[in-house]
Amino acid sequence: MSRPETFTPPPGTYARPLSTARGDFAALVGGPASGPVRGTALLLPGFTGSKEDFIALLRPLADAGYRTVAVDGRGQHETPGPREDESAYARAELAGDVLAQAAALGPAPVHLLGHSFGGLVARTAVVTDPAPFASLTLMASGPAAVSASQQQRVTLLRDALGAFDMAQVWEALQAFEAAAGAVPRGDEEDLRRRWMNTSPAQLLAAGRQLCDEPDGIDALAPVAPPTHVLSGEEDEAWPVPLLDAMAARLSAARTVIAGAGHSPNTDRPLETSAALAAFWDGVPDRRTDDHAA
């Protein structure tokens, strides 16, 4: 999971609901303190994540001229969702939520970014309807199912969620990370609160999709807006050479963030935000004259 250093929004960034035709979604919203807004970015978190995973990107992106809206998807942290009904988290349902979010942020097309599992949701939304999106960034998110080693970890987690309650699974996860020598990062109380708020059904459904995902690049390539594949220099979920090949298949811009792993958004936020802004700066403006005003 991404482990943000803080859950406290930076100055100029606000926690507020994003109201859409499909309900309200908890969001962190930031933007330039002055001057023109160069565009709006919609940021989707990954498996076990939340909008706070992007906290360290929001101020640098605002300084670069971008309005940013990081959301909790349904069942993630502060956006409610069914806790037992996995069907509520079918990919088509999640993609429909993203399209509703983009519509609420429009009418100008938005820059869509999905991290890890959020990238799978993002590309499904684009394939469903590419019109609302100025660009697509797949951050540490690959073409198909996660690696075999990660499938094993996800399967163990799904099995644990079927046998124990959320508090018990959290304690087991912390013990596993400590035994593996993981260096603690982030506020443990905030991270535990996020875990406890997250719907078990959302985790079960997302975990299943991560393990069963077919290759979706052939469907995405013909309809994708300008696309950016961004990752750290190491990634256990989708190996970096696989991400390189996916970028080539999509004729996408490619950025590798030195010193980062599966979560460049928290590992190297300044370098990641600079790469995102540079990519968005190069995307042609598709707004009409009225929308650009």
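Each remark here, short or long, concerns the structure printed above.
Below: a short report on this structure.

**Points about the overall build of the protein chain**
For step 1, the next point in the chain: Secondary structure assignment for the protein chain yields 12 helices and 8 strands.
For step 2, the next point in the chain: Relative to a compact globule of 293 residues, whose C-alpha radius of gyration would be 19 Å, the protein chain shows 18 Å and is just as compact.
For step 3, the next point in the chain: For the protein chain, the spread of C-alpha atoms along the three principal axes comes to 55 × 40 × 35 Å.
For step 4, the next point in the chain: Among the 293 residues that make up the protein chain, the fraction classed as buried is 54%.
For step 5, the next point in the chain: Taking the contacts inside the protein chain whose residues are at least 6 apart along the sequence as the reference set, 78% of them involve residues at least 24 apart.
For step 6, the next point in the chain: When the accessible surface of the protein chain is totalled, it reaches about 12200 Å², and 55% of it is carbon and sulfur.
For step 7, the next point in the chain: Across the protein chain, 23 positive and 36 negative side-chain charges occur, with their mean positions spaced 2 Å apart.

**Notes on the environment of glycine 81**
For step 1, the next point in the chain: For glycine 81, the location among the structural elements is in the loop between strand E4 (66-71) and helix H2 (91-105).
For step 2, the next point in the chain: Distance in space between the C-alpha atoms of glycine 81 and glutamine 202 is 7.9 Å, their sequence separation being 121 residues.
For step 3, the next point in the chain: When sequence neighbours within four positions are dropped, the list of residues in contact with glycine 81 reads Gly75, Tyr89 and Ser199.

**Re the pairing of strand E8 (residues 253-257)**
Successive side chains on a regular strand alternate, one facing one side of the sheet and the next facing the other.
For step 1, the next point in the chain: In the sheet, strand E7 (residues 227-232) pairs with E8 via 5 bridges, with the strands oriented parallel. Bridge assignment links valine 229 to a residue of E8, and that residue is arginine 254.
For step 2, the next point in the chain: Taken together, E7, helix H9 (residues 240-249) and E8 constitute a β-α-β crossover, and its handedness is right-handed.

**Quick word on the side chain of threonine 272**
For step 1, the next point in the chain: Relative to the elements of secondary structure, threonine 272 occurs in helix H11 (residues 269-281).
For step 2, the next point in the chain: Polar side-chain contacts of threonine 272 include one of 2.8 Å to the backbone oxygen of arginine 268.
For step 3, the next point in the chain: Other than its neighbours up to four places away in sequence, threonine 272 contacts Leu57, Met139, Leu230, Ile257, Pro264 and Asn265.

**Some thoughts on the pattern of salt bridges**
For step 1, the next point in the chain: As enumerated under the stated definition, the model contains 20 salt bridges in all.
For step 2, the next point in the chain: Taking the shortest distance from any N to any O, the salt bridge between glutamate 52 and lysine 51 comes out at 3.0 Å.
For step 3, the next point in the chain: With relative accessibility at 4%, the residue glutamate 52 sits in the buried group.
For step 4, the next point in the chain: Via salt bridges that share partners, Lys51, Glu52, Asp72, Glu78, Asp190 and Arg193 belong to a single interconnected network.

**As for the sheet that holds E4**
For step 1, the next point in the chain: Strand order in the open sheet made by the 8 strands is E1-E2-E4-E3-E5-E6-E7-E8, with mixed pairing throughout. Both outer strands of the open sheet, strand E1 (13-20) and E8, are each paired with one neighbouring strand and no more. For this sheet the average axis-to-axis angle between neighbouring strands, irrespective of direction, equals 25°.
For step 2, the next point in the chain: With 4 bridges connecting them, strand E2 (residues 23-30) and E4 associate as antiparallel partners. Note that in E4 the partner of alanine 27 across the bridge is valine 71.
For step 3, the next point in the chain: Each of strand E6 (133-139), E7 and E8 touches H9; the most contacted strand, E7, lies at about 170° to it.

Criteria and thresholds
The residue numbering used here restarts from 1 in each chain and proceeds along that chain's sequence as written. Totals for whole chains, interfaces and linings use every residue, but because this is a predicted model, local features are given only for residues with pLDDT of at least 70 and side-chain atom pairs only at 80 or more, for both listing and counting. Calculated side-chain values reflect all of the structure's heavy atoms, with hydrogen atoms and water omitted. By the criteria applied, helices consist of DSSP H or I runs no shorter than four residues and strands consist of E runs no shorter than two, each listed in order from the N terminus. For a compact globule the rule gives 2.2 Å times the number of residues to the power 0.38, and the radius of gyration it is set against comes from C-alpha atoms. Partly exposed describes any residue whose relative accessible area lies between the buried limit of under 20% and the exposed limit of over 50%, with all areas from a 1.4 Å probe on protein chains only and scaled to the type maximum. It only takes one pair of heavy atoms within 4.5 Å for two residues to be counted as in contact. Accessible surface area values rest on a Shrake-Rupley calculation with a 1.4 Å probe, where residue burial reflects the displayed protein chains alone. Neither His nor the chain ends contribute to the count of charged residues, in which Lys and Arg are positive and Asp and Glu negative. Positions of charges follow a simple convention, taking NZ of Lys, CZ of Arg, CG of Asp or CD of Glu. Here the rule is simple: two strands pair whenever DSSP picks up at least two bridges between them. Think of it like this: strands point away, you trace from the first strand over the helix to the second, and a clockwise trace means the crossover is right-handed. The definition of a polar contact used here is a pair of N or O atoms within 3.5 Å, where within protein one atom must be able to donate a hydrogen and the other to accept one, and adjacent residues in sequence count solely through side-chain atom pairs. Think of a salt bridge as a Lys or Arg side-chain nitrogen and an Asp or Glu carboxyl oxygen that are within 4 Å of each other. What counts as an axis is a line fitted to C-alpha atoms, over the stretch in contact for a helix, and the angles between N-to-C directions run from 0 to 180 degrees.

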